[in-house]
Amino acid sequence: MTHYTKLTALAGLAVASVFAVPAQAQDMTTDSKPFSGVYIGAAGGYDVQPNDVGSSIQFDRNADGNFSDSVNTITGANAFSPGFCNGSARTAVPAYGCRNDDDGWSYYGRAGFDVQSGPFVVGLVGEFGKAEITDSVAAFSTTPASYTMARKLKWEASARVRAGLAARNTLFYATGGAGYAKIDNLFFTTNTANAFAATGSNNRWGYVGGGGIEQKLTKNISIGMEYTYHQYKDDEARVLVTAGTALAGSPVLLANNPFVLAPNTTGTTFRRSDENFRWHSLRGTVSFRF
């Protein structure tokens, strides 16, 4: 079962759970403004990432800040001719392929308030939580060796507007606003000769948008289903490759290593070609309204 198949199945189950509420539960709230007021709640579900087809690792070979360079051997051959993959490398050679990006479960707490006027509902909602997702890209060199750059979501917060229409005790809404996330950038390689220094983990601003359904069960309790799309610009991850102690102790290997070939012997810098961390989230919600 693919990740998108899982997401579709979860969506079907969530819709069924919302609309399977018994008719008597639909009539439990007789307030003319059932969605007005302050609420707290929780959300949980499954997050999947789009397929980053064509993602690669780019190189700055001469330390000029331009990542359009190729890394060549002493004979002029492309040291990365085995290619790239949009995932994490399984082994040092591309024949064994790459693991898909890690999708997974998400867990959030939320609080907000709404104001209802007739069928119209407008409000604000804030969330904080995390998702078990990792986005990777890998390169393979002729050594042979593999190099994987990965980004992992540590936590995410968002503040969003929520606006919609209520049909009795059912609310259909759209939501959107700013997101703020802690993203860790990681690096893995099978190359044990060179030295690697990775940087770039940081907090990032982005945006979150989507929509959902909320169903009142009682005067104070409601359940729902929500889809959101998340995107953060994450373009500062860098990996500096230098000679390292292994090559420094071997003048012959050092003179033939493509990362530190003359005239620039200080090293080569890696970065990812895809600058955005993106994912889709489908979550069930439960809220207590005061």
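Data block above holds the structure.
Residues numbered from 1 in each chain as written. Predicted model: local features only at pLDDT ≥ 70, side-chain atom pairs only at ≥ 80, totals over all residues. Heavy atoms only, no water.

Visitor: I would appreciate a short explanation of the overall build of the protein in the present structure.
Guide: Across its full length, the protein carries 4 helices and 16 strands. Within the protein, buried positions represent 46% of all 290 residues. When contacts within the protein are restricted to residue pairs at least 6 apart in sequence, long-range pairs at least 24 apart make up 77% of them. When the accessible surface of the protein is summed, it comes to about 13,400 Å², and 62% of that surface belongs to carbon and sulfur atoms. (Helix = DSSP H or I, 4+ residues; strand = E, 2+ residues; numbered from the N terminus. Buried < 20%, exposed > 50% of the residue type's maximum accessible area, 1.4 Å probe, protein only. Contact = heavy atoms within 4.5 Å. Areas by Shrake-Rupley, 256 points an atom, 1.4 Å probe, with all protein chains shown as cover.)

Visitor: Sorry if this is basic, but what is going on with unusual backbone geometry here?
Guide: Most of the time, phi is negative for any residue but glycine, and the peptide bond is trans. Cis geometry is found at the peptide bond from Thr-143 to Pro-144, where omega equals 5°. Cis geometry is adopted by the peptide bond preceding Pro-263, which originates at Ala-262 and carries an omega value of 10°. Positionally, Pro-263 belongs in the loop between α4 (251-256) and β15 (268-272). Its identity as a non-glycine residue notwithstanding, Ala-63 has a phi of 60°, on the positive side. By the secondary structure assignment, Ala-63 is in the loop between β2 (57-60) and β3 (83-85). For Arg-168, which is not glycine, the phi dihedral falls at a positive 55°. Locating Arg-168 in the fold gives a position in the loop between β9 (145-167) and β10 (170-189). Residue class for Arg-168 comes out exposed when judged on its relative accessible area of 61%.

Visitor: I would appreciate a short explanation of the packing of aromatic side chains in the present structure.
Guide: Aromatic ring pairs: the centre-centre distance and the angle between the two ring planes describe each pair. Scanning the entire structure with this criterion turns up 20 aromatic pairs. Between Tyr-147 and Phe-270, the aromatic rings sit 5.8 Å apart at their centres with planes inclined by 75°, giving edge-to-face as the arrangement. Note that Tyr-147 is positioned in strand β9 and Phe-270 in strand β15, a separation of 123 residues in sequence. Tyr-147 gets classed as buried once you look at its relative accessible area, which sits at 0%. Where Tyr-232 meets Trp-279, the ring centres are 5.8 Å apart and the plane angle is 20°; that geometry is what we call stacked. Residue Tyr-232 is found in strand β13 (residues 221-233), and its partner Trp-279 is found in strand β16 (residues 276-289); the two are separated by 47 residues along the sequence. Judged on exposure class, the residue Tyr-232 and its partner Trp-279 are both buried. In this structure an aromatic cluster arises from ring pairing among Phe-59, Phe-80, Phe-84, Tyr-147, Phe-187, Phe-196, Phe-259 and Phe-270. For the cation-ring pair, Arg-162 lies above Tyr-173, with the distance from its terminal atom to the ring centre recorded as 4.5 Å. Its guanidinium or amino end placed over the ring of Tyr-108, Arg-283 lies 4.3 Å from that ring's centre, counting from NZ or CZ. (Phe/Tyr/Trp six-rings, centres within 6.5 Å; stacked < 30°, edge-to-face > 60°. Lys NZ or Arg CZ within 6 Å of the ring centre and 35° of its normal.)

Visitor: Is there a simple way to think about the pairing of strand β14 (residues 238-242) in this case?
Guide: Looking along a regular strand, one sees side chains alternate from face to face of the sheet. With burial as the criterion, only one face of β14 is covered, namely that bearing Val-239 and Val-241; the residues Arg-238, Leu-240 and Thr-242 on the opposite face remain uncovered. The pairing of strand β11 (residues 195-199) with β14 spans 5 bridges and is classified as antiparallel. Bridging from a neighbouring strand, Ala-198 pairs with Val-239 of β14. Of the strand pairs in this sheet, β14 and β15 are connected by 3 bridges, and their pairing is antiparallel. Residue pairing across strands places Val-241 opposite Thr-268, the latter belonging to β15. (Pairing = 2+ DSSP bridges.)

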